[in-house]
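Residue-level listing of the chains:
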Amino acid sequence: RKYRDVNCIQATMDSSDCICRKKSTAPAHGYSYPTIPPDGDPREPFSKHGYFVVRGLLSTEEVEEIKAEASAIIKAWLEKLQRTGAEENDWDEIANRLPSIKEGQSMPEDSELSIRRLFRMAVHNDLFARMAKHEKIVSIVTRLLGPDVKLVQSMALMKPPGSGEKKWHQDNAYFRLTPCKVLVSYASSHSHVSSPIPMSLVPFPCL
């Protein structure tokens, strides 16, 4: 099964099928989340919880366009790799393969499952560059951070079988930004109704 999660360090938003939850053993459908409409005020839930869900921020058509574009990027990248045999380091490539595939493990029948993530898509791809400037996303970002915002990173986590568990971490442990005025915009392009869930968060009161 393929999981695609778009993770852009710029905003705080979720598509209509994203699940953000507290760390617990209760079933995923038993949670309630701080939620606002696309035109709602994000400041109160963000200051209280550190995250919130925006239902319906992206249309079904936009989500399907993102999924189709991700598949097209992977197809073109794998064709180039097969043709040239050249693969730059992960930072410079838009597609990053699973380490096990790089080390010689046989390709899965569905070659798309060999890709663990798309990276810096907003640099390489017009659609994702436009999504980083999505009017609704930027509106939420600027209400929280002010008018001077910058895109630090854009990434799609594909989560194919064998990609391994992502352990609990703080994003700024990687970025080391000071002051840490950074927001994460997370959108799940597939519905998740059971474990493994796409994202777990520890709310501010638990820190």
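Regarding helix H6 (residues 135-145)
Phase 1 of the analysis: For H6, every residue scored as buried is listed here: Ile137, Ile140, Val141 and Leu144. Viewed end-on, H6 has its buried residues packed into an arc of 100°, placing them on one side of the element.
Phase 2 of the analysis: Looking one or two residues beyond H6, the residue adopting positive phi is Gly146, at roughly 95°.

Structural notes on the pairing of strand E6 (residues 153-157)
Phase 1 of the analysis: Of all the five residues making up E6, four are buried; the element is thus mostly covered by neighbouring parts of the structure.
Phase 2 of the analysis: Where strand E5 (residues 115-119) meets E6, three bridges bridge the pair, whose relative direction is antiparallel. Across the sheet, Arg117 pairs through a bridge with Leu157, a residue of E6.

A word on the pattern of salt bridges
Phase 1 of the analysis: Enumeration over the complete set of coordinates arrives at 10 salt bridges.
Phase 2 of the analysis: Here Arg130 and Glu65 are joined by a salt bridge, their closest N and O atoms 3.9 Å apart. Of the two residues, Arg130 sits in helix H5 (residues 126-132) while Glu65 sits in helix H2 (residues 60-84), which places them 65 residues apart along the sequence.
Phase 3 of the analysis: Because the salt bridges share partners, they merge into one network encompassing Asp41, Arg43 and Arg143.

Quick look at the nonpolar core
Phase 1 of the analysis: The biggest cluster of nonpolar side chains holds 20 residues, and the ones touching the most others in it are Trp77, Ile115 and Leu118.
Phase 2 of the analysis: Listed by contribution, the elements that provide at least two residues to this core are H2, E5 and H5.
Phase 3 of the analysis: For Ile115, the contacting residues outside a window of four places in its chain are Ile74, Trp77, Leu78, Ala95, Asn96, Arg97, Met158 and Pro160.
Phase 4 of the analysis: Counting 10 residues, the second largest nonpolar core, distinct from the first, contains Ile36, Ile140, Val141 and Leu183.

Observations regarding the confidence of the model for the chain
Phase 1 of the analysis: A residue-level look at the chain finds 80% of positions with pLDDT of 70 or above and a mean pLDDT of 79.
Phase 2 of the analysis: Per-element averaging of pLDDT across the chain places strand E1 (residues 5-9) at the bottom with 43 and H5 at the top with 95.
Phase 3 of the analysis: Residue range residues 5-29 is modelled with pLDDT below 50. Its contacts to residues more than four positions away, or to other chains, number 114 contacts.

What counts as what
Residues numbered from 1 in each chain as written. Predicted model: local features only at pLDDT ≥ 70, side-chain atom pairs only at ≥ 80, totals over all residues. Heavy atoms only, no water. Buried < 20%, exposed > 50% of the residue type's maximum accessible area, 1.4 Å probe, protein only. Helix = DSSP H or I, 4+ residues; strand = E, 2+ residues; numbered from the N terminus. Arc of directions from axis to C-beta. Pairing = 2+ DSSP bridges. Salt bridge = Lys/Arg side-chain N within 4 Å of Asp/Glu carboxyl O. Core = buried A, V, L, I, M, F, W, Y, C linked by side-chain atoms within 4.5 Å. Contact = heavy atoms within 4.5 Å. pLDDT = per-residue confidence, 0-100.

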